[in-house]
Amino acid sequence: MLGRFCFSLLVLQTLCYLQVSAQNDPETSVEDEEIAEIGDPPLLNNFNDISVPLVPVEFEIARAGYIPSEVLVAQGRAELHCEGAKEISSMIYWTKNGVRQDNAQFYNEPTESTVTSVYKLVDTDEAKYGCNGQYLYLVKERPEEEAQEASIWQNSKVICIDQVVGEETRILEKMTGPYKSSIFYMVGRQQSIYPIKERKITADSVFTCNNTQHFTFIPETRPQTKVKCKEEKAVCTNSDTQGRCALTIFFEDNKVAEGRSPVLEHPYGKINIQQQVRCEAACQIGEDFITLPVTDCTAYPAPDECVDKADKYGSEYRGTVSVTKSGLVCQRWDSQSPNVHRRT
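Nothing here was measured: the structure is a model prediction, and the numbers come from that model.

Novice: Just to check I follow, could you spell out the sheet that holds strand β21 (residues 233-238) for this structure?
Specialist: Sheet strands pair by backbone hydrogen bonding; their relative direction is either parallel or antiparallel. Taken together, the 3 strands give an open sheet; going across it, the order is β20-β21-β24, and neighbouring strands pair in antiparallel fashion. Whereas interior strands pair on both sides, the edge strands pair on one side only; in this sheet they are β20 (225-230) and β24 (263-267). Averaged over all adjacent pairs, the angle separating strand axes in this sheet is 15°, with direction ignored.

Right, dumping it as structure tokens:
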């Protein structure tokens, strides 16, 4: 489900037709920064005044157009146009995924007050195109679907393209000081450019997304994972009770146990494990995997948990605890210092 709607772009690492960013708290995170880059430079328009049922947060972060067929691209009919005042002619050129495209045609007519850069698409790759600080994503269009639904983590951010009648544009404009530049997309004629919107899903939400009418997002509470050390066992627990989380226990970098939520245990017997112990949980919702961070379990167990009960005097103990329960400093069995004893 979720994985079906994602596609790779060379621009960021991945731009998803449907992108979900995990949010554990309201603080800015790496995911927030990556999303903000999509609208770089500043976000185009704020769409908070648009009424969309059950969607608490919504704003436009970029624009996207759809890639035509390979035949039309091969015929040279898919073109990106960038036009600007002659005073800023040095800024009028096309980039693809941040790389300048020197094969774009540049027009500078003496009788005109503007210059134009025209870039003909050479392939059907999805990419981010830019001219003078304006950006347009060209992506492959998904077949129209009447309805879809997906489960996602609560408070996740969803990014998708809204192909909604009345919200498309055919030209993007920008002012550089007093000088204007504009970009548009041609395939025989000017093509529609649709908004890419970001929404935070806090409750069941229904809206148009990725050419799908009535896309339903059902938020689920993010499972919590804990690890503890008890009765000579490392115990990893997860609040998911449906077995959707893959649990893994590590002693330092060694994988010692794998299983499914809600509980995974691994005995350590007489092994001294004051080394780092951790549990990782990869929790699956639909086809979307998110690895949840957990707190490491360190500095345990207590001395009496490290000694085999059959070892009456602890002579077989090979751990690192260096004092007794009463506070006496440990020493070699064949030594009388610092404590004098008769067990030689």
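Novice: Explain unusual backbone geometry to me, please; I cannot follow it from the model alone.
Specialist: With the exception of glycine, most residues fall at negative phi, and the peptide bonds are largely trans. A cis amide bond, omega 15°, links Ser261 with the succeeding residue Pro262. Its place among the elements puts Pro262 in the loop between β23 (254-260) and β24. The phi angle at Asn155 is positive, at roughly 70°, despite the residue not being glycine. You will see that His214, though not glycine, has its phi angle at about 55°, which is positive.

Novice: Quick question: what am I supposed to make of the confidence of the model for the protein chain here?
Specialist: In regions of low pLDDT, the predicted coordinates are not meant to be interpreted in detail. Predicted confidence across the protein chain gives a mean pLDDT of 75, with 68% of residues reaching 70 or more. The low-confidence segment residues 1-57, where pLDDT is below 50, has 143 contacts with residues more than four positions distant or belonging to other chains. Note that pLDDT drops below 50 for residues 295-305; the model gives that stretch 25 contacts with residues more than four away or on any other chain.

Novice: Looking at this structure, how should I read the pattern of salt bridges?
Specialist: Two side chains of opposite charge can pair, provided their charged atoms sit close to one another. This model, assessed by the stated rule, comprises 13 salt bridges. Glu198 serves as the salt-bridge partner of Lys157, at 3.7 Å between the closest nitrogen and oxygen. With Lys157 in strand β13 (residues 156-161) and Glu198 in strand β17 (residues 194-201), this residue pair connects regions lying 41 residues apart in the sequence. The pair Lys157 / Glu198 is uniform in exposure class, with both members buried.

Novice: Any chance you could explain the state of the cysteines here in plain terms?
Specialist: In protein structure, a disulfide is the covalent linkage between the sulfur atoms of two cysteines. Counted under the stated rule, the structure contains 4 disulfides. Between the sulfur atoms of Cys82 and its disulfide mate Cys131 the distance is 2.0 Å. The sign of the S-S torsion, about -75°, decides the handedness of the disulfide formed by Cys82 and Cys131: left-handed. Taken as a pair, Cys82 in strand β5 (residues 78-85) and Cys131 in strand β10 (residues 127-131) lie far apart in primary sequence, 49 residues in all. There is no split in this pair, since Cys82 and Cys131 are both buried. Sulfur-sulfur distance for the disulfide between Cys245 and Cys283 comes to 2.2 Å. Measuring the twist about the S-S bond at about 110°, one finds the Cys245-Cys283 disulfide to be right-handed. Of this pair, Cys245 sits in strand β22 (residues 245-251) while Cys283 is found in strand β25 (residues 277-285), placing the two residues 38 residues apart along the sequence. Judged by relative accessible area, Cys283 falls into the buried class, the value being 1%. For the protein chain, the bonded cysteines pair up as 1-2, 3-4, 5-7, 6-8 when numbered in the order they occur along the sequence.

Novice: Sorry, what's going on with the nonpolar core here?
Specialist: Taken as a class, soluble globular proteins show a tendency for nonpolar side chains to be buried jointly. Membership of the largest hydrophobic core comes to 23 residues, with the highest contact counts inside it found for Leu80, Trp94, Leu121, Tyr129 and Leu138. Looking at this core, the elements with two or more residues in it are β5, β9 (114-120), β10, β11 (134-139) and β15 (179-187). The biggest single contributor to this core is β5, with 4 residues. Ala234, Ile249, Cys279 and Ala281 belong to the second largest nonpolar core, which has 15 residues in total.

Novice: What's the story with the pairing of β11 in this structure? I'm lost.
Specialist: Residues in a regular strand point their side chains to alternate faces of the sheet. Among the 6 residues in β11, 5 count as buried, and that is most of the element. Relative to β11, β10 is paired through 5 bridges, and the arrangement is antiparallel. The partner of Gly130 across the bridge, within β11, is Tyr135. Here β10 folds back onto β11, and the loop between the two strands holds 2 residues, one of which, Asn132, carries a positive phi near 50°.

Novice: How do you make sense of the environment of Val256 when you look at a structure like this?
Specialist: Position of Val256 among the secondary structure elements: in strand β23. Residues Val256 and Pro267, spaced 11 residues apart in sequence, show a C-alpha to C-alpha distance of 9.6 Å. With near-sequence residues (within four places) excluded, Val256 lies in contact with Ile249, Phe250, Phe251 and His266.

Novice: How should the pairing of strand β18 (residues 205-209) be read in this particular structure?
Specialist: Counting buried positions over the 5 residues of β18 gives 4, a clear majority of the element. Counting the residues between successive antiparallel strands, the hairpin from β18 to strand β19 (residues 212-220) contains 2 residues, one of them, Asn210, with a positive phi of roughly 55°.

Novice: Teacher, can you tell me more about the sheet that holds β19 here?
Specialist: Taken in spatial order, the 3 strands of this open sheet run β12-β19-β18, and their pairing is mixed. Pairing within the sheet leaves two strands with one partner each, and these edge strands are β12 (148-153) and β18. Within the sheet, the average angular offset between the axes of one strand and its neighbour, ignoring direction, is 35°. Bridge analysis of β12 against β19 gives 6 bridges, and the strand direction is parallel. In the strand pairing of β19, Glu149 is matched with Thr216.

Reading guide: rules and limits
Within each chain, residue numbers correspond to sequence positions counted from 1 in written order. With pLDDT at 70 or above as the cut-off, local features in this predicted model cover only qualifying residues; side-chain atom pairs require 80 or more to be listed or tallied, and sums for whole chains, interfaces and linings still use all residues. Neither water nor hydrogens contribute to the side-chain values; these are computed over all heavy atoms in the structure. One bridge is not enough; two strands pair if DSSP finds at least two bridges between them. Numbering of helices and strands starts at the N terminus; helices are DSSP runs of H or I of at least 4 residues and strands are runs of E of at least 2. Throughout, an axis means a line fitted to C-alpha atoms (over the contacting stretch in the case of helices), and angles, computed between N-to-C directions, take values from 0 to 180 degrees. Per-residue confidence from the predictor is reported as pLDDT, a score between 0 and 100. Here a residue-residue contact requires only that any non-hydrogen atoms of the pair lie within 4.5 Å. Each salt bridge in this description consists of a side-chain nitrogen of Lys or Arg and a carboxyl oxygen of Asp or Glu lying within 4 Å of one another. Burial classes follow relative accessibility: with a 1.4 Å probe on protein chains only, a residue under 20% of its type's maximum area counts as buried, one over 50% as exposed, and anything between as partly exposed. Working definition: a disulfide is two cysteine sulfur atoms within 2.5 Å of each other. To form a nonpolar core, buried Ala, Val, Leu, Ile, Met, Phe, Trp, Tyr and Cys residues must be joined to one another through side-chain atoms within 4.5 Å.

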